[in-house]
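An overview of the molecular structure
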Amino acid sequence: MTALKLTQIGNSVGLILPKELLARLRLERGGTVFLTKTSDGAVMMTPYDANFEEQMAEARKIMKRRRQVLCELAR
């Protein structure tokens, strides 16, 4: 577990993420993180949007099934 300190940034409050955590999440300055509330009430921070990943998985299935149609449309 890593403890993060909240700091004042203008009129907002921010978190300073240590280099090790940034490396683990594969994030850089200006990157985006997503906070998701889990079923047990905890909050999970990830470098990707789980909903987007689910949508992309469905899109890949459709593209694989309808490859011929998509090739015709691309002409």
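Below is a summary of the structure that appears in this document. On a predicted model such as this, the values are computed, not experimentally measured, just so you know.

As a further point, take the environment of Thr 32. Here Thr 32 is to be found in the loop between helix H1 (19-25) and strand E3 (34-37). The sequence separation of Thr 32 and Thr 46 amounts to 14 residues, and the corresponding C-alpha distance is 8.9 Å. Excluding anything up to four places from it in sequence, Thr 32 contacts Leu 27 and Pro 47.

Residue Arg 26 is not a glycine yet carries a positive backbone phi of 55 degrees. The topology assignment puts Arg 26 in the loop between H1 and E3.

Topologically, Thr 36 is positioned in strand E3. Of the residues examined, Thr 36 reaches a relative accessible area of 31% and is grouped as partly exposed. Sequence-distant contacts of Thr 36, that is, excluding residues within four places in its chain, are made with Ala 42, Val 43 and Met 44.

On to the pattern of salt bridges. Enumeration according to the criterion identifies 2 salt bridges in this entry. A salt bridge links Lys 61 to Glu 58, with the shortest nitrogen-to-oxygen separation between them at 3.3 Å. Within this pair, Lys 61 and its partner Glu 58 are both found in helix H2 (residues 50-65), separated by 3 residues, close to a single helical turn. For Glu 72, the salt bridge goes to Arg 75, with nearest N and O atoms at 3.8 Å. Classification of Glu 72 as partly exposed rests on a relative accessible area of 42%. According to the relative accessible area criterion, Arg 75 is exposed, its value standing at 78%.

Conventions used here
Residues numbered from 1 in each chain as written. Predicted model: local features only at pLDDT ≥ 70, side-chain atom pairs only at ≥ 80, totals over all residues. Heavy atoms only, no water. Helix = DSSP H or I, 4+ residues; strand = E, 2+ residues; numbered from the N terminus. Contact = heavy atoms within 4.5 Å. Buried < 20%, exposed > 50% of the residue type's maximum accessible area, 1.4 Å probe, protein only. Salt bridge = Lys/Arg side-chain N within 4 Å of Asp/Glu carboxyl O.

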